[in-house]
Amino acid sequence: MDNRLRYQSPSESAALASAAPADQPAGTWKDFITVTKPGILRSNLIAAFAGFWLASKWDIQFGLLVSTLLGTVLVMASSCVFNNYFDRELDMKMERTRDRSLPTGRLSPKVVLWYAIILGIAGLSILFLFSGLLAGIFGVVGMFVYVVTYTLWLKRSSTWSTSVGAISGAMPPVIGYVAVTHRVDMGAILLFAMLFLWQPPHFWALGIRRVEEYRAAGFPLLPVVKGIRRTKFQMIPYLVLLVPLPILMYTYGYAGVFFLVIGLLLAIGWLYTALQGFRAKDDEAWSKKVFLFSINYLTLSLIVLILNTSF
């Protein structure tokens, strides 16, 4: 079976837009907010703040902090809106996404496309003008990988979409970091590694829970194409590589002993929870546990990293 999603012609896109129920209400300000995926924005803003804080070592330039976070959130919002725009036909096929603003017709594709363009121009302009050349470049990299490489290409054609797409999700803390340092050093590398390694096992856990929805939509996610057991195995290398990160953060003098201990416990706990999947009788219940642990891992790790940043 060919799981690839085909692109729509302009006539098909127009038919899709006109196919929405006529009694759907017009878009509201809430639709313009939800199309930016606020949950993703919140978690990545915390990551961008953590990167900025780590580089600042408690000596915060508040004007630079505000401009960096604003530019970063606008770039991320633009990427998410582009994602919603290009994925509108896929979203119609999945139960958890079919009520979004585009599939229901509350927002038109043309409006959403211009919304994405304006957000992207505003965000990148702020980063280049106020946060520095490197911050702007990493903003461009994050947008390109998420919109072009992930959304338009790999998401529709390859199981590598999750791993490659993780590059864009790892950009926010790096943007925050280089806005202060104006260079890429070990701190930026470790922040990138932390967010990059976190994403595949996090998303694959969700993919296992929703595997039949993704299969029905023709989305070639790893558990759909290779199976759930193979996905469990593929999670493990990412989680193993997360374990030494708190040690390296401590060794290189970026964080203190509290982050070392708590970060290690969280990483080992997540790895242990994932390994339990090989004897789990209920894959859905197990994957839900792994998914929730992943959210707590990232949130707690970033909070402790911020509070225990070395002077």
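Quick notes on the rules
Residues numbered from 1 in each chain as written. Predicted model: local features only at pLDDT ≥ 70, side-chain atom pairs only at ≥ 80, totals over all residues. Heavy atoms only, no water. 1 Å grid on protein atoms, 1.4 Å probe; cavity = no way out; pocket = protein on both sides within 12 Å on 5 of 7 lines; lining within 4 Å. Points joined across faces, edges and corners; volume = space filled by probe spheres on them. Helix = DSSP H or I, 4+ residues; strand = E, 2+ residues; numbered from the N terminus. Nonpolar A, V, L, I, M, F, W, Y, C, P; charged D, E, K, R; others polar.

Moving on, we get to empty space enclosed by the protein. Throughout the structure, instances matching the rule amount to one cavity of 30 Å³ or more. Empty space within the largest cavity amounts to approximately 60 Å³. Lining of the largest cavity is provided by Leu190, Met194, Leu245, Pro246, Met249, Phe259, Gly263, Tyr297 and Ser301. Among the elements of the structure, helix H11 (186–209), helix H15 (245–251), helix H16 (257–275) and helix H17 (283–307) are those that each provide at least two residues to the lining of the largest cavity. Top element by residues in the lining of the largest cavity is H15. It accounts for three residues. In the lining of the largest cavity, the residues fall into seven nonpolar, two polar and no charged.

Attention now goes to the layout of surface pockets. Taken as a whole, the largest pocket encloses approximately 1100 Å³ of empty space. Taken together, 50 residues line the largest pocket, and the ones lying closest to its centre are Ile40, Tyr146, Gln199, His202 and Phe203. For the lining of the largest pocket, a count of residues per class yields 25 nonpolar, 17 polar and eight charged. What the second largest pocket holds in volume is close to 160 Å³. Taken together, Thr34, Val35, Lys37, Pro38, Gly39, Ile40, Asn84, Arg100, Ser101, Leu102 and Pro103 make up the full set of residues lining the second largest pocket. Listed by contribution, the elements that provide at least two residues to the lining of the second largest pocket are helix H3 (38–56) and helix H6 (101–104).

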